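Structure at a glance
Chain by chain, the residues run as shown.
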Amino acid sequence: MDGNGRWAKARHLPRVVGHQRGVEAVRKLVRSLKDTPIECLTLYAFSSENWKRPEDEVDDLMNMMRKFIKSDLPEFIANDVKLHILGDWRGLAPDIVALLDDALAQTAKGKRTLAVALNYGSQHEIARAATKAAAEGEITAESIERHLDTAPLPPLDLLIRTSGEVRLSNFLLWQCAYAEMIFTDVLWPDFTPAHLNDALEEFARRERRYGGR
Ligand code: IPE
Ligand code: MG
(Lines give C-alpha, C1' and ligand atoms only; values in the text may rest on other atoms or scores of the structure.)
(Ligands and ions follow the chains in the order given, each with its own letter.)
Protein backbone atom coordinates (compact mmCIF):
# COMPACT_ATOMS: atom_id res chain seq x y z
CA MET A 1 0.00 0.00 0.00
CA ASP A 2 2.31 2.73 -1.23
CA GLY A 3 1.79 6.37 -2.04
CA ASN A 4 0.05 7.83 1.02
CA GLY A 5 2.78 10.45 1.50
CA ARG A 6 2.79 11.55 -2.14
CA TRP A 7 -1.01 11.70 -2.16
CA ALA A 8 -0.90 14.13 0.79
CA LYS A 9 2.02 16.13 -0.59
CA ALA A 10 0.23 16.71 -3.90
CA ARG A 11 -2.61 18.29 -1.90
CA HIS A 12 -0.36 20.27 0.47
CA LEU A 13 -1.72 18.20 3.35
CA PRO A 14 0.20 16.64 6.27
CA ARG A 15 1.42 13.05 5.63
CA VAL A 16 -0.88 11.76 8.35
CA VAL A 17 -3.89 12.79 6.26
CA GLY A 18 -2.55 10.61 3.45
CA HIS A 19 -2.28 7.69 5.87
CA GLN A 20 -5.84 8.35 7.10
CA ARG A 21 -7.13 8.31 3.53
CA GLY A 22 -5.12 5.11 3.06
CA VAL A 23 -7.04 3.49 5.92
CA GLU A 24 -10.29 4.60 4.28
CA ALA A 25 -9.15 2.86 1.06
CA VAL A 26 -8.46 -0.32 3.06
CA ARG A 27 -11.90 -0.19 4.63
CA LYS A 28 -13.66 0.12 1.26
CA LEU A 29 -11.58 -2.68 -0.19
CA VAL A 30 -12.30 -5.05 2.70
CA ARG A 31 -16.02 -4.28 2.35
CA SER A 32 -15.84 -5.16 -1.35
CA LEU A 33 -14.21 -8.55 -0.77
CA LYS A 34 -17.53 -10.35 -0.57
CA ASP A 35 -18.21 -9.36 -4.21
CA THR A 36 -14.93 -10.88 -5.41
CA PRO A 37 -13.58 -14.44 -5.62
CA ILE A 38 -10.73 -13.42 -3.28
CA GLU A 39 -10.24 -15.88 -0.42
CA CYS A 40 -7.44 -13.96 1.19
CA LEU A 41 -6.31 -10.35 0.90
CA THR A 42 -2.91 -9.57 2.38
CA LEU A 43 -1.98 -5.97 3.13
CA TYR A 44 1.54 -4.71 3.75
CA ALA A 45 0.74 -2.24 6.52
CA PHE A 46 4.04 -1.73 8.34
CA SER A 47 7.42 -3.14 7.41
CA SER A 48 10.27 -3.92 9.74
CA GLU A 49 12.13 -1.16 7.87
CA ASN A 50 9.42 1.46 8.51
CA TRP A 51 10.89 2.01 12.01
CA LYS A 52 13.46 4.20 10.22
CA ARG A 53 10.79 6.85 9.66
CA PRO A 54 10.58 9.91 11.94
CA GLU A 55 9.18 9.05 15.36
CA ASP A 56 6.05 11.18 14.95
CA GLU A 57 5.10 9.37 11.73
CA VAL A 58 5.66 5.96 13.37
CA ASP A 59 3.49 7.14 16.30
CA ASP A 60 0.76 8.27 13.90
CA LEU A 61 0.81 4.89 12.13
CA MET A 62 0.67 2.95 15.42
CA ASN A 63 -2.20 5.11 16.69
CA MET A 64 -4.09 4.56 13.47
CA MET A 65 -3.59 0.84 13.87
CA ARG A 66 -5.07 0.96 17.39
CA LYS A 67 -8.03 2.99 16.16
CA PHE A 68 -8.63 0.79 13.11
CA ILE A 69 -8.67 -2.49 15.04
CA LYS A 70 -11.11 -1.07 17.60
CA SER A 71 -13.42 0.61 15.10
CA ASP A 72 -13.51 -2.12 12.44
CA LEU A 73 -13.47 -5.34 14.46
CA PRO A 74 -17.30 -5.52 14.73
CA GLU A 75 -17.53 -5.13 10.95
CA PHE A 76 -14.99 -7.93 10.36
CA ILE A 77 -17.00 -10.24 12.62
CA ALA A 78 -20.29 -9.28 10.93
CA ASN A 79 -18.82 -9.86 7.46
CA ASP A 80 -17.20 -13.20 8.26
CA VAL A 81 -13.70 -11.81 7.85
CA LYS A 82 -10.96 -13.77 9.59
CA LEU A 83 -7.89 -11.82 10.60
CA HIS A 84 -4.37 -13.20 10.21
CA ILE A 85 -1.15 -11.35 11.02
CA LEU A 86 2.25 -11.77 9.38
CA GLY A 87 5.56 -10.56 10.76
CA ASP A 88 7.06 -9.89 14.17
CA TRP A 89 3.87 -8.32 15.44
CA ARG A 90 4.43 -9.61 18.96
CA GLY A 91 7.23 -7.04 19.13
CA LEU A 92 4.77 -4.14 18.78
CA ALA A 93 3.53 -2.16 21.81
CA PRO A 94 1.86 -4.47 24.38
CA ASP A 95 -1.53 -2.79 24.05
CA ILE A 96 -1.50 -3.34 20.26
CA VAL A 97 -0.48 -6.99 20.75
CA ALA A 98 -3.42 -7.40 23.16
CA LEU A 99 -5.84 -5.77 20.70
CA LEU A 100 -4.59 -8.05 17.91
CA ASP A 101 -4.77 -11.19 20.07
CA ASP A 102 -8.37 -10.32 20.88
CA ALA A 103 -9.20 -9.57 17.23
CA LEU A 104 -7.64 -12.88 16.10
CA ALA A 105 -9.68 -14.81 18.67
CA GLN A 106 -12.92 -13.02 17.82
CA THR A 107 -12.56 -13.50 14.05
CA ALA A 108 -11.22 -17.07 14.14
CA LYS A 109 -14.36 -18.52 12.52
CA GLY A 110 -14.47 -16.10 9.57
CA LYS A 111 -14.51 -17.44 6.01
CA ARG A 112 -12.48 -14.86 4.07
CA THR A 113 -9.08 -13.92 5.35
CA LEU A 114 -7.66 -10.45 5.79
CA ALA A 115 -3.96 -10.94 6.41
CA VAL A 116 -2.05 -7.91 7.63
CA ALA A 117 1.74 -7.71 7.55
CA LEU A 118 2.84 -5.79 10.64
CA ASN A 119 6.47 -5.27 11.55
CA TYR A 120 7.02 -7.61 8.61
CA GLY A 121 10.16 -8.30 6.59
CA SER A 122 10.25 -11.23 4.21
CA GLN A 123 13.95 -12.07 4.59
CA HIS A 124 13.55 -12.33 8.35
CA GLU A 125 10.39 -14.42 7.94
CA ILE A 126 12.34 -16.87 5.74
CA ALA A 127 15.28 -16.96 8.17
CA ARG A 128 12.92 -17.70 11.08
CA ALA A 129 11.19 -20.44 9.08
CA ALA A 130 14.51 -22.01 8.05
CA THR A 131 15.70 -22.03 11.67
CA LYS A 132 12.54 -23.87 12.75
CA ALA A 133 12.78 -26.27 9.81
CA ALA A 134 16.42 -27.04 10.68
CA ALA A 135 15.50 -27.77 14.31
CA GLU A 136 13.06 -30.40 13.05
CA GLY A 137 15.33 -32.06 10.51
CA GLU A 138 16.04 -31.49 6.84
CA ILE A 139 15.68 -28.03 5.35
CA THR A 140 13.58 -28.34 2.20
CA ALA A 141 11.33 -25.95 0.34
CA GLU A 142 8.38 -27.75 1.92
CA SER A 143 9.75 -27.66 5.46
CA ILE A 144 10.51 -23.93 5.16
CA GLU A 145 7.07 -23.26 3.73
CA ARG A 146 5.41 -25.02 6.67
CA HIS A 147 7.00 -22.48 9.01
CA LEU A 148 6.41 -19.28 7.06
CA ASP A 149 3.91 -16.84 8.56
CA THR A 150 1.76 -17.51 5.51
CA ALA A 151 1.57 -21.29 6.16
CA PRO A 152 -2.19 -21.26 6.85
CA LEU A 153 -2.97 -19.07 3.82
CA PRO A 154 -3.72 -20.12 0.24
CA PRO A 155 -0.87 -19.76 -2.29
CA LEU A 156 -0.19 -16.19 -3.44
CA ASP A 157 -1.73 -15.67 -6.88
CA LEU A 158 -1.55 -11.93 -7.45
CA LEU A 159 0.57 -9.13 -6.05
CA ILE A 160 -0.38 -5.51 -6.63
CA ARG A 161 1.95 -2.61 -5.89
CA THR A 162 0.63 0.92 -6.06
CA SER A 163 2.28 4.31 -6.59
CA GLY A 164 4.50 3.54 -9.55
CA GLU A 165 7.33 1.85 -7.64
CA VAL A 166 8.51 -1.34 -9.31
CA ARG A 167 10.09 -3.37 -6.53
CA LEU A 168 9.05 -5.83 -3.81
CA SER A 169 10.53 -4.03 -0.80
CA ASN A 170 11.00 -7.21 1.24
CA PHE A 171 7.38 -8.33 0.88
CA LEU A 172 6.48 -12.03 0.45
CA LEU A 173 9.68 -12.82 -1.48
CA TRP A 174 9.30 -16.58 -1.10
CA GLN A 175 5.58 -16.56 -1.78
CA CYS A 176 6.03 -14.50 -4.98
CA ALA A 177 7.81 -17.38 -6.75
CA TYR A 178 4.92 -17.84 -9.19
CA ALA A 179 2.67 -14.94 -8.31
CA GLU A 180 1.42 -12.67 -11.06
CA MET A 181 2.39 -9.05 -10.45
CA ILE A 182 0.68 -5.81 -11.29
CA PHE A 183 2.35 -2.45 -10.82
CA THR A 184 0.07 0.54 -11.02
CA ASP A 185 0.71 4.29 -10.80
CA VAL A 186 -2.42 4.79 -8.68
CA LEU A 187 -1.50 6.11 -5.23
CA TRP A 188 -2.84 3.94 -2.40
CA PRO A 189 -5.47 6.45 -1.08
CA ASP A 190 -6.94 6.54 -4.61
CA PHE A 191 -7.04 2.73 -4.97
CA THR A 192 -10.71 1.66 -5.09
CA PRO A 193 -12.58 -1.64 -5.38
CA ALA A 194 -12.93 -0.78 -9.11
CA HIS A 195 -9.12 -0.78 -9.41
CA LEU A 196 -9.05 -4.13 -7.65
CA ASN A 197 -11.60 -5.45 -10.13
CA ASP A 198 -9.48 -4.20 -13.05
CA ALA A 199 -6.50 -6.03 -11.55
CA LEU A 200 -8.55 -9.22 -11.20
CA GLU A 201 -9.59 -8.94 -14.86
CA GLU A 202 -6.00 -8.53 -15.93
CA PHE A 203 -5.03 -11.48 -13.72
CA ALA A 204 -7.68 -13.63 -15.44
CA ARG A 205 -6.08 -12.83 -18.82
CA ARG A 206 -2.63 -14.00 -17.74
CA GLU A 207 -1.51 -17.47 -18.76
CA ARG A 208 0.14 -19.22 -15.83
CA ARG A 209 2.55 -22.00 -16.72
CA TYR A 210 4.61 -22.50 -13.56
CA GLY A 211 7.67 -23.29 -15.63
CA GLY A 212 5.78 -25.70 -17.87
CA ARG A 213 4.66 -24.83 -21.38
C1 IPE B 1 2.24 4.22 2.85
O2 IPE B 1 2.76 5.09 1.92
C3 IPE B 1 3.18 3.17 3.37
C4 IPE B 1 3.07 2.91 4.84
C5 IPE B 1 4.14 2.72 5.59
C6 IPE B 1 1.78 2.85 5.49
P7 IPE B 1 4.09 5.96 2.09
O8 IPE B 1 4.08 6.65 3.41
O9 IPE B 1 5.29 5.10 1.81
O10 IPE B 1 3.88 7.02 0.92
P11 IPE B 1 4.99 7.67 -0.03
O12 IPE B 1 5.83 6.56 -0.59
O13 IPE B 1 5.78 8.62 0.80
O14 IPE B 1 4.18 8.36 -1.10
MG1 MG C 1 6.44 4.73 0.15
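Refer to the structure presented above.
The rules behind the values
Residues numbered from 1 in each chain as written. Chains lettered and ligands numbered in written order. Predicted model: local features only at pLDDT ≥ 70, side-chain atom pairs only at ≥ 80, totals over all residues. Heavy atoms only, no water. Helix = DSSP H or I, 4+ residues; strand = E, 2+ residues; numbered from the N terminus. Expected span 1.5 Å × (residues − 1). Buried < 20%, exposed > 50% of the residue type's maximum accessible area, 1.4 Å probe, protein only. Contact = heavy atoms within 4.5 Å. Polar contact = N/O pair within 3.5 Å; in protein donor to acceptor, adjacent residues only side chain to side chain. Near = heavy atom within 4 Å. Areas by Shrake-Rupley, 256 points an atom, 1.4 Å probe, with all protein chains shown as cover. Nonpolar A, V, L, I, M, F, W, Y, C, P; charged D, E, K, R; others polar. Arc of directions from axis to C-beta. Pairing = 2+ DSSP bridges. Axes fitted to C-alpha atoms, helices over the stretch in contact; angles between N-to-C directions.

Here the focus is helix α2 (residues 15-32). Given a rise of 1.5 Å per residue, 18 residues ought to cover 26 Å, and the 26 Å separating the end C-alpha atoms of α2 matches this to within 8%. Within α2 the residues assigned to the buried category are Gly-18, His-19, Gly-22, Val-23, Ala-25, Val-26, Arg-27, Leu-29, Val-30 and Ser-32. Elements in contact with the buried residues of α2: α1 (4-10), β1 (40-47), α3 (55-78), β2 (81-86), β3 (112-120) and α7 (193-205).

This next bit is on the side chain of Asn-4. Along the chain, Asn-4 falls in helix α1. Take Asn-4: its relative accessible area is 11%, and that puts it in the buried class. Separated by 3.0 Å, the side chains of Asn-4 and His-19 make a polar contact.

What follows covers the site of ligand 1. Taken together, Met-1, Asp-2, Gly-3, Asn-4, Gly-5, Arg-6, Arg-15, His-19, Ala-45, Asn-50, Arg-53 and Glu-57 make up the full set of residues near ligand 1. Here Arg-6 contributes a side-chain N or O atom positioned 2.7 Å from an oxygen atom of ligand 1. For ligand 1, an oxygen atom lies 2.8 Å from a polar atom in the side chain of Arg-15. In the complex, 86% of the free accessible area of ligand 1, which totals 390 Å², lies under the protein chains. Ranked by residue count, the leading element in the shell around ligand 1 is α1, at 3 residues. Taken together, the residues that form the shell around ligand 1 break down as 2 nonpolar, 5 polar and 5 charged.

We now examine α7. An ideal rise of 1.5 Å per residue puts 18 Å on 13 residues; α7 measures up with 19 Å between its terminal C-alpha atoms. Within α7, the full set of buried residues consists of Leu-196, Ala-199 and Leu-200. For α7, the angular spread of buried residues about the axis comes to 100°, placing them on one side. Tucked inside the fold, the buried residues of α7 contact α2, β4 (158-161) and β5 (180-183).

Let us look at the sheet that holds β1. One open sheet holds the 3 strands; their spatial order is β1-β3-β2, and the pairing between them is parallel. Each having just a single partner strand, β1 and β2 make up the two edges of the open sheet. This sheet shows a mean twist of 20° between the axes of neighbouring strands, independent of strand direction. Bridging between β1 and β3 involves 7 bridges; their strand directions are parallel. Across the sheet, Tyr-44 pairs through a bridge with Ala-117, a residue of β3. Lying over the sheet, α3 contacts β1, β2 and β3, oriented at roughly 155° with respect to β1.

Residue placement: Arg-66 occurs in helix α3. Side chain to side chain, Arg-66 and Asn-63 meet in a polar contact 2.9 Å long.

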